[in-house]
Every structure is written in C-alpha cells, then in structure tokens.
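Here is how the chains run, residue by residue.
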Amino acid sequence: MPLTMSTLVAADLRCEYQVNPIGIDAARPRLGWKLIGSGDIRGRQQSAFRILVASSSKLLEQNTGDLWDSQKVASAEQNQIGYSGDALKSLQACYWKVQVWEGKTPGDWSKPSRWEMGILKPNDWVGKWINDGKENPKSDAEFYADDPAPLFRKEFAVQKPVARARVAISGLGFYEATLNGIRIGDHVLDPGWTRFEKRVEYNIYDVTALIALGDNCLGLQLGNGWFNPLPLKLFGSFNLREHLAVGRPRVIAQLRIQYRDGSVKTIATDQTWRAGESAIRRNNIYLGEWVDARKEPQRWDKPGFDDSKWRAPGLAQESLGQLVAPSQPPIRVTARWNAVKVREQRTGAYIYDLGVNFSGWLSLKLNVPRGTEIHLRYGELLYPDGALNPMTSVAGQIKGFRQGTKESVGGPGAPEIAWQADTYIARGGGEMYTPRFTFHAFRYLEITGLPAQLPLSSVTASRLNSDVEEVGSFECSNPMLNEIQAMCRRTFLSNIFSVQSDCPHRERLGYGGDIVATSEAFMANFAMSGFYRKAVRDWSDSALADGMFTDTSPFIGIQYCGVIWALAHPLLIDQLYRHYGDRRIGEEEYAAAKRWLNLIEKKYPNGIVTDGLSDHEGLAPAPADAMVTPMYFFSAKLLAAQALRLNLRTDESHYKQLAEKIRGAYLAKFVDPVNGKVGPGTQASQSFALYTGIVTESLRPRVFAYLVRDIENHSNHLTTGILGTKFMLDVLSRNGRGDLAYAIVTQPDFPGWGWMLKNGATTLWEHWEFSDNTYSHNHPMFGSVSQWMMNWLGGIQPAVNSVGFDQIVIHPQTPKGLNWVRSSYKSIRGKIVSNWIQQGKVLKFEFVIPINSRARIYLPAESAEDITEGGQPLTRIHQTKDHLVNFAVGSGHYSFAVRRR
C-alpha cells in the first residue's frame, strides 16, 4: 500500500545499531528504527509499535511472530527496545519487522530485516585454540629474528547441496581466512584490540557461496598483532610484553555447514589440521613486515595441496578471556588513491607523495626480477633537501642508544631508530605487495632497491579505519574552516583501529584524555555507538586490581595522567545515553565507575586533586590542583546523574554532596570573587571553571569577563591545550561570544589551526608549534574544533536532557565574515538539518527535525517581530533573552527569516 498523508512507517531497521548483522551475542538484542512519512506534516510522533520476530522469512510474510510478537505497545520509543521473546540459540537466524501507529492510525509494516545470533555459550565452541607448536624466544633480543607467520589448513569434502554455511573465527594477534583460496570477508587486522585475558573478539561470516561440491579447503593465516608484540620499550620504559596477555599466535575456528536435507557438518580447529610457514618472515604492529615472496607456498589454501611436509599444530595453553562478538565496526579499506608525486631524492631512492597524511597500507604493483629486495620507509614529513623525515612517527621515541652503550633505548635487539618500514623480496614477474599484519601512518614513502622508478599508478594508498558510518556534514563560506573540518576528519579516521588512539604511529594507544577532549567531535561526524560501547568495556577491563582506571585502555603500563584520563569511562556512558539512548551500558558499567570515583574520593579527602595531567600541550601554566579539581567535580555530577537514571537514590545524594564539597574547597582556594580570576588566570583555568559549572551563578559573569580579557590581551589567540580548547570555544559560544570563538578559530598565524594549514598540514598536530622530530602530525586532540563548528555554527546539539537525541537544540551562530553554513546530522532518530545564509540585512534559516523528536530553536533577533516563518509573522510561543528569540518545535521542515536591525 502506498504511503498516505497519515501513515508513518518504520525504516532503516537496526539490531544492536547494525543493519542485518551476523553474530549478535546479546541475549536480548536491542532493536530500533527511524520513521518516515509522506507530506510536510509537522509535529509527527509515534504513539505505539508492534514488533514481530520470526524463525523464518516465510512466517514473517504471514505476519506470524513465532519467536516474539510484542503486540501493540503504547510507546514513543523507537530505539533500544530489547527483544523479549523466546530464548535464542547460537547461530539462530531471526527475521523481524515493525508496525508503528501515529495517534490511533496504524502504518504499514516495515520492510523485513534480520539478524543472526553469535555463539552464545562457551560449550557451543567445538573448535580448539591451536598454534604453530613453537615456543617464543627466551631472550628479548631473539624476538627480532625471523619468525614466520604461521599458516593452517584443513581439507574437507561436501557431497550434497548446502543450505547455509557460517564460519566463526578468532585469531590472535591478527588473522586472515580463506575458503578454497578466496578471502573470507573484507575485514582487516581482526580481531579488535582488547584486554585478551578478559575478552577476545570473534567474527562470524556467511560463506555459503564459497562452499563447493566436492573437495574444499579452509585456510587461516596469523600475524603477531598485540598478542605477540616485540619487547620494544616504548619511551625507553614500557615493554608491552610485561603488561599485555601474550603468547604464540593462535587461532580458533569452526565452520558449520547445514545441508538442504537438514543434516549438519562442522569443521573445527584441532590437531588434525596442518601447520606451515608463510612468506611473512617477521611482522610487528609498529615496525612493519619483512616478506620473502619466494617462500610463499603456492596454492596452500586450495584443495589438493601437498601438505605432507607440514606439521600438526599445537594446542595453545595460555589462559584467555571470554570469546565475545564485537560491538564496533570492523577495520576495512575505506578509500584508495594513487600517489600524486614522485622524485628521485638520491640515486635509487624514490620519494612518493600520497597527497595527505593517513593511516593504512601502501600497495606496490611490481614486475621485477626474482629476488629483488625492496625497502619501504614511511614518514609524515620531508627534510628541506627532499629526503624522507620519519622522526615524528618513530615508535615510542626509540631514537638512538642508551648513554654509553650500543644498546637501543628500545631494549636488547631493538633498532637504533624504530621507524615504520617494510621489506619485500619479490618472487619475480607480475605481482602485488600489500602488507597484511601491520599498518602505517604517513604521507611520504621512500622506496629503495627498485631497478627503476615505479609509475604513480603502481603506488596505491589504502586508507584503513574502523568502518564507522558517516553521519555528520559541515560546509560553510569560509574555505579555511572547510579545510580545518577536512583535516579533523582525516585525523579522526587515522586514529580509530578498534581503539581510539592518540596517534596512529608513534604510540597507537587509547589515552583517556584524548577521548574526553574529542568524543563529541567524533560523534558529530561518525556513528560511534558501538565503537564507544567497546571503549567503555575496555576501560573497566583494564582497571587495576583495586578498581582504579588507567591512563590508557587497553593498559600498557602508563599510569600518571590521573582523573581526567580516567574520566573517559563515565563520560562515555553519559554520552552514549544522550546521543544514542544506550541505557544498558550504564547498567552494566555503573559499578566500575562508582568504584573508581570512591577511590578518588578516598585519595583526595579535602576535595582538591593534587596531581595528574590537566590541559596537556597548552601554552600556559596548567597546575593540577586548580584545573583537575573542576573535572573531579564534573565526575561527581556525572555519577549523580547516572545513579538517578538507575534509581539509586542513596548514591545520587552522596555524589551530589561530594560535588558540593569539591565546589566549596575549590572556590575557597582558587577563585577571586572580586575580579573573577581562577587559579593561574589562564584561558584554560577560566574555561575549566565555567564549562564544568563548578563556579556559582553569581560568580560566572566575572569569571567569564576575566576569560574574555585574557583572550583580547592575546590578540584573540588561544593559549589552551587538549581540554581548554574544547571548553573555551563552547563557553564563549554559550555565553554569547561566538564572534570571539570564530576569531580564535580563524587566526591564520601561530597558534591555531590556520598555522597548521599554512605549514602544509593535512592532519592535526599534537603540538601547536611545528615539530620535525618529536611531536606527531596526526593527533586528534585539537579536533574538538569540529564539534564546535557543528554545535555552534551549524547549531546542532543534543539537549542536556536528551535521551538518544529525542530533544534537540538548534542554536546556529552567525559571526561577521561568515556568509552561510550547511550542516546536517543523521541522529539515531533521523536526519537533522540546519542551514543558514546571510542575504543583505536578512538571515535565512532552514531546519529539518526528524519525526518523533522535538527541538528548541534559538534565532539571533531582538524580538519576534524581526522573524518570519514561511513568509508569515512568527506566531509561536517564544522567549526573548540576550538578543535571542527561542521557541519549541516538533518534527518537520521549517524556514525562518530574521531581519537584522
């Protein structure tokens, strides 16, 4: 039946945020949808829903929900609706659809969707963890010798028609799988990095189309990844092998074949498989790969290969955590392009420019003699003479020898300089080299060992990242801001490889402070629901024995940053609730957050935090006591709000009282009530106080005025760092000085984003100053500016009381010099649009609010008389304050014009 003016229909059905997912291991998967309806009808809302879940598509077509029929439920909820039917089994397929009502009018059924369960019980895993049967070296130096990546194969026969085939796999550190020589899936660098002693992720693939009648072969190849890292001492101190669960590369897999006659056959890893060696002689997540293609066993993963000289695998003995399905999207190749320039820097050394800084792989199309040894080195910069400069991307700042010795600062066996590099020895003839079990972050590539220069078309970049859906867009009349936005997005994508990293080369670590600074910027651009759900679990998995959260997750030994870095855990819980309506993560993780904050309360009994990092990489003093204490206050407020959601009234009361205790101590020690100076009186210290709300309402005008004076004294330039930058831009815009925020962001000289662009940056720097030796050139932490552009120039924000963007704030600011903005955000409920343009003395606005949502719109006008809606005088109930007119609207498309006086 075609849509009518009064019909709402559910669309874009999701299970656990995913479309038609395979491998869901939540016992009660959460379902959700968006709403569509014809006609330009405003204020549309869902009044009820009915969900059918069936065990077959045929039953669903007959409107029979044999697994679950929710019946008609009077509710406006459209997300996070937990399945409440019959208990589900491992690998079970579920077919579902939704009918919604608007008022008393039912809509048509949605198009059908489906999900498949994962492996729900440990006993449902019939495969065993196997490895190559070797032992790891006894000394650190021996780890740097050749240790070929293992191969595993198993042949099996299929003699009758197949109805359905699914393979479940996990392999540590990384795995790749083939069936009859054809790659299974398009994921790379799987599984995601977790605390392997707590959780190990697995994947399930539909391989029905790859099964052949007759002989078949399942092939598996393993890399070291984070499970068998080198004993590199990052920064001369932190050996990953001392802090991570480690062992020989290992794999577990089981292929379940369901025949059309109903019978089932399972092929699972055990000691009947055969193990061999690949062409990858060495591989490391930081340093790269050494590949001798001459040693690759040809057709090893196809039926009929002679594996008589291979050996039986060993059974892996190291203890691991539970096998779980991933919540975050897999890492994939998300873009490809060819090199844009090449020059011979010195004889036989070719420098290729890939155009922009990024993270991923470099592929070479080769036709060279057998045995040609090709060396690749990667870097973000060039030296003045055009030579490659790899120094800003050297792993763990391992540069040189320990004083008075010939031992690398990275430890015995480590290279003198731990740059990113790959070596490939050609098998001869036409061939392609692409790394498998490492990745690099770079713009420039140095190739040596080639008999002749490769054409640009033979040098291809493959961008890798967790394949998050793009949901935000921002474009404006100022080209600099568009370049800044592009720079931010490149940086964000460079730093999400199942863990949000600080930089994608030198450290690759999930620092909490970077998440606190940029999580909302990431969410303004990409769908981060599943990714950040994993991050919260990573933090609780990495907590120390007493419950203290660590600086990085997964934890690798670094522990000095303190409260702000640990705050990533409860902050993400709150943001997942406001942006995506995720209540379940709060229920699961509240106890861990509470345990952490109770430890902080015990450590700082007088309410003042005395240690830890604050406004990292700022340009002004950033004492911990004056600037971390407001974040302690902020943490207490967060926990009070989370306790209220869970109806834990005693906890709520306790954390509110704690917040007031912290506030009192802070105001007494750091705030001058006369002139509004806070602590050292820097832009950051003032902004921390205002953003967190720790200063009382009566003090806010003076504290804000002091901030503005400091900015003006610096000629509208910033002095802030990782958090002060985010906080200051928001505080200025929220308090009516978006013009000043705009002036700061658009400065073309030092310090700022314009200075980065002027110095050739295509991704964000770690430090405001240019660095050619120490600081990363691909660091997200100053990317909070992207959030500011979306929140305050586009004007799209979740309301303070938002649950999954059901309540929206539209508050675009229109600073002088900016003529138009086009912005949108695909919320979990639907697409939000906010566009505006200056035409003479009239500002025109266009807004779209999704069905089943409400918004409060703020327009820059002295009174409602200056505003027309669709060409007619504004008649809405409104409020006027601080040169703004604001009013509430329901869903729909709106056009306003504001006359400037």
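Please refer to the structure placed before this passage.
Remember, it's a predicted structure, so these values are computed and weren't measured experimentally.

Cut-offs and rules
- Residues numbered from 1 in each chain as written.
- Predicted model: local features only at pLDDT ≥ 70, side-chain atom pairs only at ≥ 80, totals over all residues.
- Heavy atoms only, no water.
- Helix = DSSP H or I, 4+ residues; strand = E, 2+ residues; numbered from the N terminus.
- Rg over C-alpha atoms; globule rule 2.2 N^0.38 Å.
- Buried < 20%, exposed > 50% of the residue type's maximum accessible area, 1.4 Å probe, protein only.
- Contact = heavy atoms within 4.5 Å.
- Areas by Shrake-Rupley, 256 points an atom, 1.4 Å probe, with all protein chains shown as cover.
- Lys, Arg positive; Asp, Glu negative; His and termini not counted.
- Charge placed at Lys NZ, Arg CZ, Asp CG, Glu CD.
- Axes fitted to C-alpha atoms, helices over the stretch in contact; angles between N-to-C directions.
- Parallel < 35°, antiparallel > 145°, perpendicular 65-115°, else oblique.
- Left-handed = near helix turned anticlockwise from the far one by under 90°.
- Nonpolar A, V, L, I, M, F, W, Y, C, P; charged D, E, K, R; others polar.
- Polar contact = N/O pair within 3.5 Å; in protein donor to acceptor, adjacent residues only side chain to side chain.

Q: Could you give me a rundown of the overall build of the protein chain, with the residues and numbers involved?
A: Assigned secondary structure in the protein chain consists of 15 helices and 49 strands. Its C-alpha atoms give the protein chain a radius of gyration of 29 Å, near enough to 29 Å, the size a compact globule of 901 residues would have. Taken along the three principal axes of its C-alpha coordinates, the protein chain extends 85 × 75 × 55 Å. A buried classification covers 62% of the 901 residues belonging to the protein chain. Across the protein chain, every contact between residues at least 6 apart in sequence was considered, and the portion connecting residues at least 24 apart equals 74%. For the protein chain, the accessible surface area stands at approximately 33100 Å², while carbon and sulfur atoms represent 50% of it. Of the side chains in the protein chain, 101 bear a positive and 91 a negative charge, and the two mean positions are spaced by 4 Å.

Q: Could you give an account of the packing of helix α6 (residues 568-580) against helix α7 (residues 584-603), with specific residues and numbers?
A: As a packed pair, α6 and α7 sit with axes 9 Å apart at the nearest point and diverge in direction by 155°. Relative to α7, the element α6 lies roughly antiparallel. α6 and α7 meet at a crossing whose hand is left-handed. Facing His569, Pro570, Ile573 and Leu576 of α6, the residues of α7 in contact are Ile585, Gly586, Glu589, Ala592, Ala593 and Trp596. Of the residues assigned to the contact of α6 with α7, the class counts are seven nonpolar, two polar and one charged.

Q: Explain the packing of helix α4 (residues 529-542) against α6 to me, and be specific about the residues and the numbers.
A: One can describe the packing of α4 onto α6 by two numbers: an axis separation of 9 Å at closest approach and a directional angle of 155°. In terms of orientation, α4 lies roughly antiparallel with respect to α6. Regarding α4 and α6, the two cross each other, and that crossing is left-handed. Each of Ser529, Tyr532, Arg533, Ala535, Val536, Trp539 and Ser540 in α4 lies in contact with α6, whose residues at this interface are Ala568, His569, Leu572, Ile573, Leu576 and Tyr580.

Q: Could you give an account of the side chain of His440, naming the residues involved and the relevant values?
A: Checked against the element boundaries, His440 lands in strand β36 (residues 440-448). Given the relative accessible area of 0%, His440 is considered buried. There is a polar contact of 2.8 Å between the side chain of His440 and the side chain of Asp422.

Q: Requested: an account of helix α15 (residues 784-794), with residues and values cited.
A: Within α15, 11 of the 11 residues are buried, leaving the element largely enclosed by the surrounding structure. Among all positions of α15, only Ser784, Val785, Ser786, Gln787, Trp788, Met789, Met790, Asn791, Trp792, Leu793 and Gly794 are buried. Within two residues after α15, Gly795 carries a phi angle of roughly 90°, on the positive side.

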